[in-house]
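Now for the letters of each chain:
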Amino acid sequence: MEPEETTGQATNLAQSAASKLSKMSERTKQLGTAIQDPVRQNRIILVIVCIVLLLDNMLYMVIVPIIPDYLEGLQKAADDAQAAAPHSNSSNSTTTDIKSNFDLQIGVLFASKAILQLLVNPLSGTFIDRVGYDIPLFIGLNIMFLSTLIFAFAENYATLFLARSMQGLGSAFADTSGIALIADRFTEEAERSKALGVALAFISFGSLVAPPFGGVLYEFAGKRVPFLILACVCLADGVMCLLVLKPFSNRERENMPVGTPIYKLMIDPYIAVVAGALTICNIPLAFLEPTIANWMEETMRASQWEIGMTWFPAFFPHVLGVFLTVKLAAKYPHLQWFYGAIGMVFIGASSCTVPACKNFGQLMIPLCGICFGIAFVDTALLPTLAFLVDVRHVSVYGSVYAIADISYCVAYALGPVVAGQIVHDLGFVQLNLGMGLANVLYAPALLLLKNVTQMKPSFSERNMLLEDGPTGLYDTIKMEQREKKRKGLCTTIDENGIESFVQRSPSEEESSGGEYA
C-alpha cells in the first residue's frame, strides 16, 4: 500500500507542478503580448525613463548633506594625525588655508559631474543618433549603477571624485537618450508635451526630495545605505530596460535615418534661442544651491533642519507649473514661446526678491516662484526642440536633446565654482539681482519662436534637399522633378518614349495641388 500511496502523491505533485508551469507560461505570454502593445509599451518606456531621471537627480542632490560632513570628518582625522606628529606646527593662517582648500574641494567635487557631462554630451548625442536610443540608455544605466556603488564604498576624496565624474558620464548617455526616446515614441504634440511634463516632474521630485532623504538615512543608518538603495533601484530599472527595450536584439539598424550633425543644430537660430533660455532660467537654481545655506545662517540664523528643507516646498509649485503648461499647450499650442517668456519673468522677479527675505517663511515664496517659472520654461521649450527638429531637420532627437543637456550643464557646472566667488567679491544681493535681470532681459528673445508652429515639415525637407545637393541618381531625378513642378511644368512621354516637361494648365495645377504646404 505504501508504494502505491507514494506513487499517487508523486503523480499529484507532478500534475500540480505541470499546471502551475502552464499557468506561468500563459501569464508570461500575456505579459509579452501586453508589452508588445504600442500604447502599453510607450507607457512602460515612460516609466523607465522617469525612473532614470529620478535616479540621476537624486544621486546628484543626495550628496549635498552627506559629502561635506563626511569629508570634514576625513579632514579632522587627517588633522589629528598630523597634530600627533612630533614636528607639527599650527597657526591661524594654516587653518584658514585648510578651510579655503576644503571649500574648493567640495565645489570641484559637486561641479565635476556637470563638467564631464558637458564635455561628453556632443559625443553622446552623435552616438545616440547613430545607434538609436535603447543601447545608450542601457549603457548609461550601467555606468550610473557603478558610480552609485563607488559612492557607497568610497573612503577618500579621489574615489568620491571618480564616482561623481562617472555619474556625469552615465548621465550624458542615460538622460539624453531617455528624453529623446520620449520625443521619438510620443509623436503627437499634445502627448509629447504631457510625457515630457511627467518626466520633468520626476526630475524635480528627485532633486528636491534627495537632500532630506540622504540626510535622514545618513544620520541614522550611515553613509552607505542611501547609495545602496539608489543602486538597487537603478539595477531594477536596468532589468526593465533589458526586458522591454531589448537593446541588444538583432534588429535591422541600417534603415534608421541619419540625424542632422550636432554642429548644424547648434547654429540653427531657433534651437540656439531655446538653448540659451534653458541655460539662463536654470542659473538662479544652480547658483543659489551652493550659496543660500551660508546666507541663511548669516542673515536669519537658520537651523540645520530649515537649511535641509529649503527647497522641498518648491516641489509643489514646480509640479503645478508643469500641469498648467501641459494643459495650456494642449489648448493653445501656438503660444509655447509665450509660456516660456512668462516663466522667465517669474524667475527674474522671484530671484530679485530673495535677498529681501528676513525669515524662513518669507524665503519659501521666491524659491517657489523660481521653481514655478522653471517648470513653465522647461515644459514649454523641451517639446519645442523636438518640433523644430521635425520641421527643420531630420526627426532624430539624440543631438538636439544633447544640446538641451549641455544647456543645463553649463549652469550647473558654473554654479558650485563661480557662485561662491561672486558672493565673496560682489555680495549675495548683487548675485540675485544679476540673475533676475538676465532672465527678464532674455524673455523677449523668445519672440523669435512666435511663428514656429506655422512651419511645415515638407518645406524644410525640400530646403534641406536643395541645400545639401543630390547624393545619387535617384535624388538627382527627384530633385529635378520637384524643381519642374515648382515652376509649373509637368512630365509627358512622347511616342518614342522620351520624357519631356511641358507647361501645365491652370486647371491641372488646381486639380493636382502643391506637393508642399
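The structure displayed is predicted, hence computed values, not measured ones.

1. As for helix H15 (residues 360-392)
Taking 1.5 Å as the rise per residue, H15 with 33 residues should run 48 Å; its terminal C-alpha atoms sit 47 Å apart, in good agreement. Across the 33 residues that make up H15, a large majority, 29, are buried. Between the side-chain oxygen at the start of H15 and the backbone nitrogen of Gly361 there is a gap of 3.2 Å, and the oxygen is on Asn359.

2. Here's the deal with a positive patch on the surface
Taken together, Arg40, Arg43, Lys194 and Lys327 make up a surface patch of like positive charges. You can see Lys327 is positioned in helix H13 (residues 315-331).

3. Quick look at the packing of helix H10 (residues 269-288) against helix H17 (residues 428-442)
Put simply, H10 and H17 touch, their axes get as near as 10 Å, and they point 160° apart. Between H10 and H17, the crossing angle belongs to the class labelled roughly antiparallel. Crossing handedness for the pair H10 and H17: left-handed. Residue-level contacts link Ala272, Val273, Gly276, Ala277, Ile280, Cys281, Ile283, Pro284, Phe287 and Leu288 of H10 to Phe428, Leu431, Asn432, Met435, Ala438, Asn439 and Tyr442 of H17.

4. Notes on a nonpolar patch on the surface
Together, Leu320, Phe323, Leu324, Leu328 and Tyr332 line one region of the surface with nonpolar side chains, adding up to about 430 Å² of accessible area. Relative to the helices and strands, Leu324 resides in helix H13. Accessibility expressed as a relative area gives 32% for Leu324, which makes it partly exposed.

5. Quick notes on the confidence of the model for the protein chain
The predicted coordinates of low-pLDDT regions are not to be read in fine detail. Residues at a pLDDT of 70 or more form 75% of the protein chain, whose mean pLDDT is 78. Counting interchain partners and residues more than four positions distant, the pLDDT-below-50 stretch residues 458-476 has 17 contacts. pLDDT under 50 marks residues 505-517. Its contacts with residues more than four places away, or in other chains, come to 12 contacts.

6. Remarks on helix H7 (residues 189-221)
Over its 33 residues, H7 runs 45 Å from end to end, which matches the ideal 48 Å to within 8%, given 1.5 Å per residue. One or two positions beyond H7, positive phi appears at Gly222, with a value near 100°.

7. Some words on the packing of aromatic side chains
In total, this model carries 10 aromatic pairs according to the counting rule given. Ring centres of Trp295 and Phe428 lie 4.7 Å apart, and the angle between their planes is 15°; this geometry places the pair in the stacked category. Residue Trp295 is located in helix H11 (residues 292-300), and its partner Phe428 is located in helix H17; the two are separated by 133 residues in the primary sequence. There is no split in this pair, since Trp295 and Phe428 are both buried. Here the aromatic residues Phe205, Phe315 and Phe316 are joined through ring pairs into a cluster of three or more. For the cation-ring pair, Arg164 lies above Phe110, with the distance from its terminal atom to the ring centre recorded as 5.7 Å.

Parameters at a glance
- Residues numbered from 1 in each chain as written.
- Predicted model: local features only at pLDDT ≥ 70, side-chain atom pairs only at ≥ 80, totals over all residues.
- Heavy atoms only, no water.
- Helix = DSSP H or I, 4+ residues; strand = E, 2+ residues; numbered from the N terminus.
- Expected span 1.5 Å × (residues − 1).
- Buried < 20%, exposed > 50% of the residue type's maximum accessible area, 1.4 Å probe, protein only.
- Polar contact = N/O pair within 3.5 Å; in protein donor to acceptor, adjacent residues only side chain to side chain.
- Patch = residues over 30% accessible without salt bridge, like charges linked within 9 Å, V, L, I, M, F, W, Y side chains within 5 Å.
- Areas by Shrake-Rupley, 256 points an atom, 1.4 Å probe, with all protein chains shown as cover.
- Salt bridge = Lys/Arg side-chain N within 4 Å of Asp/Glu carboxyl O.
- Lys, Arg positive; Asp, Glu negative; His and termini not counted.
- Charge placed at Lys NZ, Arg CZ, Asp CG, Glu CD.
- Axes fitted to C-alpha atoms, helices over the stretch in contact; angles between N-to-C directions.
- Parallel < 35°, antiparallel > 145°, perpendicular 65-115°, else oblique.
- Left-handed = near helix turned anticlockwise from the far one by under 90°.
- Contact = heavy atoms within 4.5 Å.
- pLDDT = per-residue confidence, 0-100.
- Phe/Tyr/Trp six-rings, centres within 6.5 Å; stacked < 30°, edge-to-face > 60°.
- Lys NZ or Arg CZ within 6 Å of the ring centre and 35° of its normal.

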